[in-house]
Every structure is written in structure tokens, then in C-alpha cells.
Amino acid sequence: MFGSDELVVNNIKGLAIDMIDEAKSGHPGIVLSAAPILYALYANHLRISTTDDKWFNRDRFIMSAGHGSALLYATLYMAGYDLSLDDLKRFRRIDSKTPGHPELNITPGVDMTTGPLGQGLASAVGIALGERYLRKLSANYLKKAELINYYTYVLCSDGDLMEGISYEAASLAGTQKLGKLIVLYDSNNVSLDGSTNLTFTENVIDRFKAMGWHTDVVKDGTNVSSITRAIEKAKLFSNKPSLIEIKTIIGNGSINAGKNIVHGKPLEKSDITLLKQKLKLKDIPFTVDPKAISYFKEKINKRMNNEYTYWANYYQEAVSLKNNNEQVERLLNYLIKGDINIDFEALGLKINSDHKEELRNSNYRVMNAFIKKTPFIIGGAADLSASTKTVIVSDNDKIEVNSNENPLSKNIFFGVREHAMGAILNGLALAGLRPFGSTFLVFSDYLKPAIRMSALMNLPVTYIFTHDSVSIGEDGPTHEPIEELTMLRSIPNFRVYRPGDIIELVGCWEQILKSKKPCALIVSKNELELVNGTNREYTKYGAYMVTKEETRLDGILIATGSELRIASLIAKELKNQGLDLRVVSIPCMETFKNINSDYKNLLLPKNIRQIAIEAGSSYSWYQFIDDPKYLLNINQFGYSGKKDEVLKKLNFDYESLKLKIEELLK
């Protein structure tokens, strides 16, 4: 006779297989291999509340192997989350609570949008890093660590560990000694194309050991007790993240068990019938043994009821301190609302009329001014802090680096790991922080998958990109961004800010912190002067008038970033030649697109010739100007040489631009 644990596992398997069969789409292989892993975790370890799935001190579970969504949904349903059998029946259907891959804020109990392999594991490193930061911060304020103190668990697959991003992130996790990160590796030696002997033969355990991880192996992936003990053992290693390799058989119980065919193709009806016989289940779709549900819920509730009550009482104690403790009040308000209220007027930033400075240095000053006003912004660079200037200096003028020994430093040194940096930033945001990360604009390509995930999850991550044009000359075309601005602007639910001077820069930061949206801040390496007419407040419109025509409107010059001053100077010079021009700055196209039509038509009237100037691809400008001759952009790779030589060769120097504008407007 089956034991109660096995009864629950079998019912989870049956439900998930029915979901895939109903949808005629899904991944049965991981359902049948990893169900005991998820059950062991949820039944015996995961600190959760099925009625308060946003409890901010819950353990996090990241389904990095997002193709196993049916397994996760079936487990959540049986554990008692707010899911119905009808929700499971609508698996992979439009507007359902059970999408094809897990999505944040769609399904109760899902802590992250996953699917692209490796992103989940890498983001989990960020969650664990964020947990440690907030745990230490709250303990400092409250003299206890009970308010925030949770584990981050991951289920990953062979495919996750083939992706390079996983090793970038795992390497940093080992260096950071993230002891509250536990990765459960469903090791079945099969990927979609066949046996991993074809592609993936390294010793994963030895590799993780070399990166400073605690490792363990469970030889029988069907043994819930063995999995449970391995997780318990992993918790003893407080200064090491843990990888538990759990040996499983993909599609265990199917006639195609152990074969790649069972990875991503629904089972045949006859196979389902035979499988359910083996599992002692009724061969009626979506039939669940109520004893299994009752037993599973009881195990979770028995373990968690007192613990959740204890935490809730402690939280109320903390609330009672709010009125007498400004730090506690700020912490609790932030954890609940996520608001960062920075009074930029009160920062005391001195901007003289003769201001002239590399914008990346201006950004350094601005960031250090406002980040010291809040403990909730944290970030760093991909081994480029000396170049991107995003390092935060402490009150005693020291650069302190975040580590296990110094967990409250705001500077994360990510190393040369752009792929992982982006995903880790997402994890930090999922943990409740407002993270930033920086590198050169041309390397935004390395971060693209993570940026896309930021936008999908609507996370308030700020990507800071410097060295934003061909004017960095000597580094050559490998480092001169051309198409990257267009790429970033093409991402839905993502904002790209490209300020033209320090005044616009401050305005952009003000909007970034207010909006809580994922975004990129493009900061020039060039030395920039103030542009006459820039306005911090007007950046909230996304575009505004910098120079107004005096008597008649002969044309409009539109520019962003360091090209804004060029446009302004050309307009001033052409005024002496009888051309009365308006200059418009567009620091954020995405914001401007969402402004009302009256404002847009007033700023850029359709019957007036408009010329766009930007040192990058023209593709993102066609939404404003449909005639390519009015687009003064760069649509080819650059050259290696002195800045002025490169600009001249590309016909993007001041004189060349001025002549083109004259020809177009006369």
C-alpha cells in the first residue's frame, strides 16, 4: 500500500499530466521526474502562507526550469493556494491563471517569471543577495533578524546548467557566500535533443565545489525522505550556497521514460492510462484524491501556523515602534509600499552656469547625493565602476564592497559578468530593493535577456549605460554603439532615458524613482556643458522645447543626449543666416509617446519640417519622422581613431551636420 507522501506525489503527477493532455501542449518529462522534489520542498521545508502569498518573509521558490509549470501549478493547487480545478483545466489558455511558463503576479505562489533557461537560477542569486541585505538592515533597526529571514530555493534542470549565465551567477554566489540559497538540480541526463552525453559531460558537482558551494547528491530522486534530509543538511552551511544533485528519470513511469521524446510532447492516451494504473489513480481526468489534498495541506499548516503567527506578532511589535523610530517607520513603509521619496531640491546639487563635465561624472555626483538619502538602492558595475562611475562612496569617503563580511555595502562588484548582472538585478528587485547595474552601452546586448525579463515582470531595475556613441573613437567599432538604442527602445514596457546635460540627468533620475518602471539611463562619456533652455521638471513629459523660435517656425531640430547641445548651437548659428528654428529635446521617447496628442501636436506640428539628430541607428526615429532624409543618424559600424576623425569620417561632425541641416531647410 502506498504511503501518504507517495499518494500526494502521485496525485500531483496525475493532475499535471491531465493539464498537459487537456492543453495538448506542455512538458510531461519533468512532471514525472521532479514531482517528489517539489513535494519534499513544499511539505517539509518551504516557509509559506497559502492565504498570504505575498508575505514578504516567505521563502522564495524559483522554478528556473520554467517548462515544468504544470508540475508547479498542480503542487500549488494541492498545497492550498488560490487555484481551482478549472484554473488547471485552462492551462496554457488565454487569460488563465496557469500560463505556459510561470509568470509573476498571474498565479498565486509564483515568485518569478521564468522560462528562458538559466534566468531563474541567476535571479535567485539576486534574491538571496537582497534577502541578506534586508535581513541585516532590519536587524540593525530592530535589533533582531525575525522581520526578514528567509531561504531562496531553485529547481533547475540540465538545460539551466548548460546556459552560461548560470555559471556567471553561481560563481558570484560562491564568492558572496550566500548560505541561504539552495538549488535543487533535477539531474536526469536528458535534454530535448537527446542524451546529455552528446553535449554536457562535465562533473557538475566538482564544478560547483570549485566555485565555493556545498554540494550533495541524492541518488534516488523518488525518495522524499532522502531529498528532505539533503535540504536539511544544506541549511547547516550558513556560509555556502548549496547545490543538491537529485538523480531522476525523465518521464518516470511513462512508456518513454528516460527518452528525450518525453521532454516536451504530451503523452499518448494509452500511455496516460498505463501510467495512472501504476500510480494507483483513477483514469478520469482531473480526479484528485481528497485524502491527498488534506494530508498535504495539513503537513504545511502544522509546520507553518505557529511560525506565521509568531512572525505576525513580531511584525506588530515592529509596527508599534514606528512612531518612535524613524528608521523602523521608513523600513516598514518601504516594504509595504515600495516608495522612495527623494527631495531633489533639497540635495544641494550646485550647477553653475559655466558647468562643464563628463556626464558620467555628473551622474556619479547625482547618484551619490540621492542614494545616501535612502537605504533601499543598491547596485554596481560589471567590472567597470572606474569607467561608468557608478560607485557609491560612504560617509567616510571610502568605497566599501558588498560581501558576506560587509553585507550592508551598496556597492556590488559583479565582475566581468554582464549576463548574470542583469538577472541578479532582477532578483534584487524581486527581493524588494531598487537596484541599478552599469556597463558600456555596446554591452547592453549581453544583458538583453535579463532586460526583457525586467520588462515582463515590471521590475524597477535601472540599467546605466555609458560610452554611448562613436565619439569614444579609439576603442573602435567593437565598442562603439550603433544599434543598441534602437534595441532598447523596442522592448515593451521599458523606458530609455538619454539626458543632454546634468539638468536633464537630475530630471531623469527623478522620473525613474517615481515611476517604479524598468528603464535604461544612457549617460555620455563626453564632457558636456549646460544646454541653454533645458528643464529638469519638463523631463516628465518625455520631450519638451529647449529653444523656441522667435518670429516664425522654419523647422524643428530634435535631439537627445550629447547631440542636444550640437542641435542648440546649430540653431543659434543658422538664426544668423535667417533660419528661425525650434530645438526639441526627447530625453525619453517612451514617456513622450504616452503623452496626450494635443501636447505632441503642439510641440511637433505635422506641417513643419523636422530633423532628428542622434549618433545611432535611425530605426527608432521613424515613429516621429517618416522621410529618411530628415534623419541624421549613423547606420553603419564605426572606426578606430581619434574622436574627431571618426565623427568626420562618418559625416557626423559639427560642420557636416550643419551643412546637411542647411540644405534640408533651405
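As a reminder, the structure under discussion sits directly above these lines.
Residues numbered from 1 in each chain as written. Predicted model: local features only at pLDDT ≥ 70, side-chain atom pairs only at ≥ 80, totals over all residues. Heavy atoms only, no water.

Q: An account of the overall build of the protein chain is requested, with residue identities and associated values reported.
A: A tally of helices and strands in the protein chain yields 23 helices and 20 strands. Whereas a compact globule of 666 residues would reach a radius of gyration of roughly 26 Å, the protein chain reaches 28 Å, a difference of no more than 12%. With the C-alpha coordinates aligned to their principal axes, the bounding extent of the protein chain is approximately 95 × 60 × 45 Å. Counting only residues that meet the buried cut, the protein chain has 60% of its 666 residues in that class. (Helix = DSSP H or I, 4+ residues; strand = E, 2+ residues; numbered from the N terminus. Rg over C-alpha atoms; globule rule 2.2 N^0.38 Å. Buried < 20%, exposed > 50% of the residue type's maximum accessible area, 1.4 Å probe, protein only.)

Q: Hey, could you go over the pairing of strand 9 (residues 377-381) for me, with residue numbers and the actual values?
A: When you tally the buried positions in strand 9, you get five out of five residues, the bulk of the element. Side chains of strand 9 alternate between two faces, with Ile 377, Gly 379 and Ala 381 and Ile 378 and Gly 380 buried alike. As paired strands, strand 9 and strand 11 (residues 434-440) are joined by five bridges and run parallel to one another. The residue of strand 11 that forms the bridge with Ile 377 is Arg 434. For strand 9 and strand 10 (residues 411-413), the ladder comprises three bridges, and the chain directions are parallel. Within strand 10, the residue paired with Ala 381 across the bridge is Phe 413. (Pairing = 2+ DSSP bridges.)

Q: Please give an account of unusual backbone geometry that cites residues and values.
A: Of note, Lys 24 is a non-glycine position whose phi angle comes to about 55°, a positive value. With respect to the element layout, Lys 24 can be found in the loop between helix 1 (4-23) and helix 2 (28-44). Here the phi dihedral of Asp 383 falls at roughly 65°; this positive angle occurs in a residue that is not glycine. With respect to the secondary-structure elements, Asp 383 resides in the loop between strand 9 and helix 14 (385-388).

Q: Give me a nonpolar patch on the surface: which residues, what numbers.
A: A contiguous nonpolar patch, built from Ile 399, Val 401 and Phe 413 and spanning about 250 Å² of accessible area, is present on the exposed surface. Structurally, the position occupied by Val 401 is in the loop between helix 14 and strand 10. (Patch = residues over 30% accessible without salt bridge, like charges linked within 9 Å, V, L, I, M, F, W, Y side chains within 5 Å. Areas by Shrake-Rupley, 256 points an atom, 1.4 Å probe, with all protein chains shown as cover. Salt bridge = Lys/Arg side-chain N within 4 Å of Asp/Glu carboxyl O.)

Q: I'd like to hear about the nonpolar core, residue by residue, with values.
A: Ranked by internal contacts, the top residues of the largest apolar core, which has 178 residues, are Leu 147, Phe 370, Leu 488 and Trp 509. Of all hydrophobic cores here, the second largest spans 43 residues; its members include Ile 586, Ile 608, Ile 625 and Phe 652. (Core = buried A, V, L, I, M, F, W, Y, C linked by side-chain atoms within 4.5 Å.)

Q: Which residues make up the pattern of salt bridges, and what values go with them?
A: Taken as a whole and judged by the stated rule, the model has 33 salt bridges. Its salt-bridge partner being Asp 82, residue Lys 97 comes within 3.8 Å of it at the nearest N-O pair. Of this pair, Lys 97 sits in the loop between helix 4 (85-89) and helix 5 (119-142) while Asp 82 sits in the loop between helix 3 (69-79) and helix 4, and the two are 15 residues apart along the sequence. On the basis of relative accessibility, which here comes to 26%, the residue Lys 97 falls in the partly exposed class. The structure contains a network of salt bridges with shared partners spanning Asp 468, Arg 489, Arg 498, Glu 563 and Glu 614.

Q: Just give me the short version of the packing of aromatic side chains, but keep the residues and values in it.
A: Summed over the entire model, instances satisfying the criterion amount to 26 aromatic pairs. Aromatic pair Tyr 538 and Tyr 541: ring centres 6.0 Å apart, planes at 55°, arrangement tilted. We classify Tyr 538 as partly exposed; its relative accessible area is 38%. Judged by relative accessible area, which is 29%, Tyr 541 ranks as partly exposed. The interplanar angle of 75° and the centroid separation of 6.4 Å between the aromatic rings of Phe 592 and Tyr 599 together place this pair among those described as edge-to-face. A relative accessible area of 1% means that Phe 592 is categorised as buried. An aromatic cluster of at least three residues, connected via ring pairs, comprises Tyr 538, Tyr 541, Tyr 544, Phe 592, Tyr 599, Trp 621 and Phe 624. If you follow Lys 180 out to its NZ or CZ, it ends over the ring of Tyr 151, 4.6 Å from the centre. Over the aromatic face of Tyr 151 sits the side chain of Lys 235, whose NZ or CZ is 5.5 Å from the ring centroid. (Phe/Tyr/Trp six-rings, centres within 6.5 Å; stacked < 30°, edge-to-face > 60°. Lys NZ or Arg CZ within 6 Å of the ring centre and 35° of its normal.)

Q: Describe helix 3, naming the residues involved and giving the relevant values.
A: For an α-helix, 3.6 residues make a turn, and residues three or four places apart therefore share a direction. Helix 3 sits mainly inside the fold: 11 of its 11 residues count as buried. Three or more residues of helix 3 are buried, namely Ser 69, Ala 70, Leu 71, Leu 72, Tyr 73, Ala 74, Thr 75, Leu 76, Tyr 77, Met 78 and Ala 79. Buried residues along helix 3 sit in contact with helix 1, helix 2, strand 1 (60-63), helix 4 and helix 11 (290-320). Immediately downstream of helix 3, the backbone of Gly 80 shows phi near 110°, a positive value. (Contact = heavy atoms within 4.5 Å.)

Q: Provide a residue-level description of the environment of Thr 539, including the pertinent values.
A: Note that Thr 539 resides in the loop between strand 15 (527-529) and strand 16 (544-547). On the basis of relative accessible area, Thr 539 is assigned to the buried category, the value being 2%. A C-alpha to C-alpha distance of 8.8 Å links Thr 539 and Pro 499, two positions 40 residues apart in sequence. If we skip the residues at most four places from it in the chain, Thr 539 touches Glu 504, Gly 507, Cys 508, Gln 511, Tyr 544 and Pro 587.

Q: Can you explain the sheet that holds strand 9? Please cite residues and give values.
A: Pairing within the open sheet is parallel, and its six strands lie in the order 10-9-11-12-14-13. Each having just a single partner strand, strand 10 and strand 13 (495-497) make up the two edges of the open sheet. Here the strands of the sheet are splayed against their neighbours by 20° on average, with no regard to which way each runs. (Axes fitted to C-alpha atoms, helices over the stretch in contact; angles between N-to-C directions.)

Q: Give me the pairing of strand 19 (residues 610-613): which residues, what numbers.
A: Residues Gln 610 and Ala 612 line one face of strand 19 and the alternating positions Ile 611 and Ile 613 line the opposite face, and both faces are buried. Inspection of the sheet shows strand 19 paired to strand 20 (residues 631-632) by two bridges, in the parallel sense. Following the sheet pairing, Ile 613 is matched in strand 20 by Leu 632.

Q: Give me the sheet that holds strand 2 (residues 152-157): which residues, what numbers.
A: Spatially, five strands are ordered 1-2-3-7-6 in an open sheet, and the strand pairing comes out parallel. Looking at the sheet topology across the chains shown, the edges are occupied by strand 1 and strand 6 (214-218). The average undirected angle you get between the axes of adjacent strands in this sheet is 15°. Sheet analysis places strand 6 next to strand 7 (residues 242-247), joined by five bridges and oriented parallel. Among the inter-strand pairings, His 214 is bridged to a residue of strand 7, identified as Ser 242.

Q: Outline the packing of helix 15 (residues 418-430) against helix 16 (residues 444-457), supporting the account with residue identities and numerical values.
A: Helix-helix packing is described using two parameters, namely the angle between the two axes and the distance between the axes. Where helix 15 contacts helix 16, the axes come no closer than 6 Å and their chain directions differ by 20°. One way to sum up the angle between helix 15 and helix 16 is to call them roughly parallel. In the crossing of helix 15 with helix 16, the sense of the turn from one axis to the other is right-handed. Listed contacts from helix 16 to Glu 418, His 419, Met 421, Gly 422, Ala 423, Asn 426 and Leu 430 of helix 15 are Tyr 446, Leu 447, Ala 450, Met 453, Ser 454 and Met 457. (Parallel < 35°, antiparallel > 145°, perpendicular 65-115°, else oblique. Left-handed = near helix turned anticlockwise from the far one by under 90°.)

Q: So what's going on with the environment of Arg 93? Which residues, and what values?
A: Position of Arg 93 among the secondary structure elements: in the loop between helix 4 and helix 5. Residues Arg 93 and Ala 23, spaced 70 residues apart in sequence, show a C-alpha to C-alpha distance of 7.6 Å.

Q: Explain helix 1 to me, using residue names and the numbers behind them.
A: Between its first and last C-alpha atoms helix 1 spans 29 Å; for 20 residues at 1.5 Å apiece the expected length is 28 Å, and the two agree. Where burial is concerned, most of helix 1 is hidden: 14 out of the 20 residues are buried. Phi for Lys 24, located one or two positions after helix 1, is positive at around 55°. (Expected span 1.5 Å × (residues − 1).)

Q: Go over the side chain of Ser 618, please, and point to the residues and values.
A: Here Ser 618 lies in the loop between strand 19 and strand 20. Among all residues touching Ser 618, those that are not within four sequence positions of it are Leu 631, Asn 633 and Asn 635.

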